[in-house]
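One-letter residues, chain by chain:
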Amino acid sequence: MSQEAARDAAAGRPVQIHDPTLRDGQHAVRHSLGAEQLRAYLKAADAAAVPVVEVGHGNGLAASSLQVGRARLSDDEMMSIARETLTTSKLGVLMFPGWATTQDIKNALAYEVDLVRIATHCTEASVAERHLGFLRDEGVEAHGILLMTHMASPDQLAEECARLVGYGATGVGILDSSGHFLPSDVTARIGAIRAAVDVPVMFHGHNNLGMAVANSVAAAQAGAGILDACARGFGAGAGNTQLEVLVPVLERLGFRTGIDLYRLLDAADIAGRELMPAPPTIDSVSIVSGLAGVFSGFKKPVLDIAAREGVDPRDVFFELGRRQVVAGQEDLIVEVALALRAARDGGSPAGSGTGSC
Amino acid sequence: MQATGRLSVSVLGAGLIGMDLATKIMRSDCLDLRLVAGRHDAAELRRAARRGLPVATGGIQSLVDAEEDFDVVFDATNASFHAEHAEKLAASGAMIVDLTPSRVGQMIVPGVNREDIGSHRDISMVTCGGQACVPILHAIARAHEIDCVEVVTTAATLSVGRASRLNLDEYVQTTQDAIRWFTGVEDVKALVNISPARPAATFRVAMYLRGRDLTTDSVRALVTRAADEIRTYVKGFGVSVCTVNDSTAFVSVEVTSSGERLPHYAGNLDIINSAAIQAAECYAAGRLALAGRETA
């Protein structure tokens, strides 16, 4: 499509930017963000008029755990700081059924969160039925979003999104949790979902294969009305779609975001300075993770365990991909690493074996 | 009780759990399956009828209206219905074995507290993850000073039925409550994943325990012993990893199904149903021994 044709297609259509820098970015720093870091970025994003800002542990409400990592701040502390700091941006939180419960949602509502996202794996929308129903009854804006969506076809995702709307979701969307998609994959999926639902459709990219901005543009052009992006791409693995790149790119294409460019760039500079030791990069392990279709958040635990067991983290990622692990199954990393080490050493895995461990 | 020396048994609920329970009861020497009651004239129920099982479609009312009283009723419905079911069955004197995560009755994990079965009319089989982790956590917590416990369950999408999907909150809460009650550890967290992988992922439960005095040798010995005990009633139970690093024990187990009607990956259904059958058979043994003494 020529630039003129693209502009005509966008025709000033608004795209709402949803900013999970302070949630997905936690994966990159072992969920260690502190109060002053939250305040600094919240203030900057609010000043830039970013429509929605999300806070939390990397895996959302109540997800601070040994499995994924314990957060420095509690959910209550994070939501309380965000509520005090935000004046124009809406406050969002994320919740995975099975990791958090309705009780945790009730607790979040006490902080007057504006938007709750209920996340399930790509074909498991039905586990969100109760939580979306609860939020509908409470009159709180609730979106249903699907994780690990490279594991499902466009038609399956469309069907699951229609189900989410039936449960009460006022927006639906897909996460490229592994950074595996190419733009044509995104176009097909967003197109199929748009045809199946009449609520705004969201896309959340990861940058393992350098496609996050391109995939987000493809999503917008296929009709997505909500795009996730993080300052400096701060997020799991190779990072997310880079917010301060995506916004001006969308504007040049003729979409409207309502975000102030200079203040957005200021917010990104603050994020770069205050939140992270270094911005995410597409290192070799992240490329393998994206190719293998493994959740980007596995990067740090895979590196830790591979180093401890003396195996190649790239082998661990490909084996995890072969087993089709999903976000939340971090417990399989140890097993895979031990099996690889045993295969290399020609014995049975130390610390394993059915029955007599 | 039947003249045959078997207890009369009914199953309430005709979902994944209920139908597998019915199959397992048919194989039991001391349980006699008298009725499977679902709420709808579902395909599963019609198939069960074709296999010769006695079926009804009136749900709890079919049990209340039945001409006979049942010695044991398995409730394989939904957590939010269990209290009402227990109340409606109270007059019949039936022992109720609850497969939902309702937290109403006495929690039973056969490898740990079999002896509590006879003294309660409503027993809870906790959750599938609870059945898999409690014996191991209990064994380790008795021998070591444990500060916190975390359990992560992963089940294959095809093995998780509608009621279980609606009951994820109860699943998490009930599993946490059971771990606290059986181990005495307060800092407890339970998580559950449903895996969309194809071919399906085998049911898996991973456990983390933090405690300064944990050692690899001790934990391995305790886990091996607990696993051997569980395998006496859950054949497909296996330990896949057992390690201690930095004062944290990590134990993961997989359960494959040995039920002929269940796919091999559905160990979640197999373990809770095998535990429920084990509990009912313990109850039957107690009843039958008592009856034997009375007639003698």
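Residues numbered from 1 in each chain as written. Chains lettered and ligands numbered in written order. Predicted model: local features only at pLDDT ≥ 70, side-chain atom pairs only at ≥ 80, totals over all residues. Heavy atoms only, no water.

### Let's talk about empty space enclosed by the protein
- Scanning all chains against the criterion turns up two cavities of 30 Å³ or more.
- Considering only enclosed or pocket space, the largest cavity measures out at about 120 Å³ in volume.
- Along its surface, the largest cavity is lined by 14 residues, and P97, T120 and H121 of chain A together with V192 and I194 of chain B are the ones closest to its centre.
- Computed from the structure, the second largest cavity encloses a volume of approximately 80 Å³.
- Residue classes in the lining of the second largest cavity are distributed as five nonpolar, six polar and two charged. (1 Å grid on protein atoms, 1.4 Å probe; cavity = no way out; pocket = protein on both sides within 12 Å on 5 of 7 lines; lining within 4 Å. Points joined across faces, edges and corners; volume = space filled by probe spheres on them. Nonpolar A, V, L, I, M, F, W, Y, C, P; charged D, E, K, R; others polar.)

### Focus on the domain arrangement of chain B
All names here are of chain B.
- You can read the domains of chain B as domain 1 (7–125 + 271–295) and domain 2 (128–266).
- Taking the mean C-alpha position of each, domain 1 and domain 2 sit 24 Å from one another.
- With 27 residues of domain 1 at the contact, the number on the domain 2 side is 32 residues.
- Buried area between domain 1 and domain 2, summed over both chains or domains, comes out near 2,400 Å², and the portion from carbon and sulfur atoms is 64%.
- On the domain 1 side of the interface with domain 2, the three residues burying the most area are R103, M107 and I271, jointly 27% of the side's total.
- Our enumeration of links across domain 1 and domain 2 arrives at two salt bridges. (Domains from an automatic or database assignment. Contact = heavy atoms within 4.5 Å. Buried area = accessible area lost by both parts, 1.4 Å probe. Salt bridge = Lys/Arg side-chain N within 4 Å of Asp/Glu carboxyl O.)

### Describing the confidence of the model for chain A
- A residue-level look at chain A finds 97% of positions with pLDDT of 70 or above and a mean pLDDT of 95.
- Long-range and interchain partners of residues 352–357 of chain A, a stretch whose pLDDT sits below 50, account for 18 contacts in this model, where long-range means more than four residues apart. (pLDDT = per-residue confidence, 0-100.)

### A look at the environment of W99 of chain A
- When you line up the elements, W99 of chain A lands in the loop between β3 (90–95) and α5 (102–109).
- Between the C-alpha atoms of W99 of chain A and D155 of chain A, which are 56 residues apart in sequence, the distance is 27 Å.
- When sequence neighbours within four positions are dropped, the list of residues in contact with W99 of chain A reads N59, L61, A62, A63, S65, Q67, V68 and G328 of chain A together with K189, L191, V192 and N193 of chain B.
- Within the local environment of W99 of chain A, its side chain forms a polar contact with the side chain of N193 of chain B, the two groups lying 3.0 Å apart. (Helix = DSSP H or I, 4+ residues; strand = E, 2+ residues; numbered from the N terminus. Polar contact = N/O pair within 3.5 Å; in protein donor to acceptor, adjacent residues only side chain to side chain.)

### Looking at the domain arrangement of chain A
Residues and elements named next belong to chain A.
- The assigned domain composition of chain A is domain 1 (12–274) and domain 2 (284–345).
- Between the C-alpha centres of domain 1 and domain 2 there is a distance of 25 Å.
- Listed as interface residues are 22 residues of domain 1 and, on the opposing side, 21 residues of domain 2.
- Across the interface of domain 1 and domain 2, roughly 1,700 Å² is buried in total on both sides, 56% from carbon and sulfur atoms.
- Ranking the residues of domain 1 by area buried against domain 2 places R30, Q67 and N208 at the top, with a combined share of 28%.
- Linking domain 1 to domain 2 there are one salt bridge.
- A salt bridge links D304 to R30, with the nearest nitrogen and oxygen atoms 2.9 Å apart.
- Applying the counting criterion to the domain 1 and domain 2 interface returns 14 residue pairs in polar contact (both at pLDDT 80 or more).
- Residue classes in the side of domain 1 that touches domain 2 are distributed as nine nonpolar, twelve polar and one charged.

### A closer look at helix α3 (residues 35–47) of chain A
All names here are of chain A.
- Over its 13 residues, α3 extends 18 Å from the first C-alpha to the last, a length consistent with the 18 Å expected when each residue adds 1.5 Å.
- Every buried residue of α3 is listed here: Q37, L38, Y41, L42, A44, A45 and D46.
- Where α3 is buried, its residues contact β1 (16–20), α2 (21–24), β2 (52–55), α4 (75–85), α10 (243–252) and α11 (261–274).
- Of the residues trailing α3, A49 is marked for its positive phi of about 65°. (Expected span 1.5 Å × (residues − 1). Buried < 20%, exposed > 50% of the residue type's maximum accessible area, 1.4 Å probe, protein only.)

### Quick look at the nonpolar core
- Within the largest apolar cluster, 91 residues are counted, with the highest numbers of intra-cluster contacts made by F74, L99, M125, I140, M207, F237 and V251 of chain B.
- Among the elements that line this core, the one with the most residues is helix α10 (residues 267–295) of chain B, at ten residues.
- Residues from two domains meet in this core; each of domain 1 (7–125 + 271–295) and domain 2 (128–266) of chain B gives at least three.
- Contacts of F74 of chain B, omitting those with residues within four sequence positions, involve V9, S10, V11, L12, L21, I25, V97, L99, A276, I277 and A280 of chain B.
- Counting residues in each nonpolar core, the second largest holds 83 residues, with A71, L135, A169 and F255 of chain A among its members. (Core = buried A, V, L, I, M, F, W, Y, C linked by side-chain atoms within 4.5 Å.)

### Things to note about the packing of helix α14 (residues 313–322) of chain A against helix α15 (residues 332–345) of chain A
Residues and elements named next belong to chain A.
- α15 packs onto α14 with a crossing angle of 115° between their chain directions and a minimal axis gap of 10 Å. In the packing of α14 onto α15, the handedness of the crossing is right-handed. For the pair α14 and α15, contact is made by D315, V316, E319 and L320 and by L332, I333, V336 and L340, respectively.
- Tallied by class, residues from the contact of α14 with α15 come to six nonpolar, no polar and two charged. (Axes fitted to C-alpha atoms, helices over the stretch in contact; angles between N-to-C directions. Left-handed = near helix turned anticlockwise from the far one by under 90°.)

### Thoughts on the pattern of salt bridges
- Inspection of every chain in the model, using the stated rule, returns 40 salt bridges over all chains.
- The residue R165 of chain B makes a salt bridge to E124 of chain A at a minimum N-O spacing of 2.8 Å. Of this pair, R165 of chain B sits in helix α7 (residues 162–166) while E124 of chain A is found in the loop between β4 (115–121) and α6 (129–138), placing the two residues in two different chains.
- Salt bridges sharing partners connect three or more residues here, namely E319, R322, R323, D331 and E335 of chain A together with R204 and E254 of chain B.

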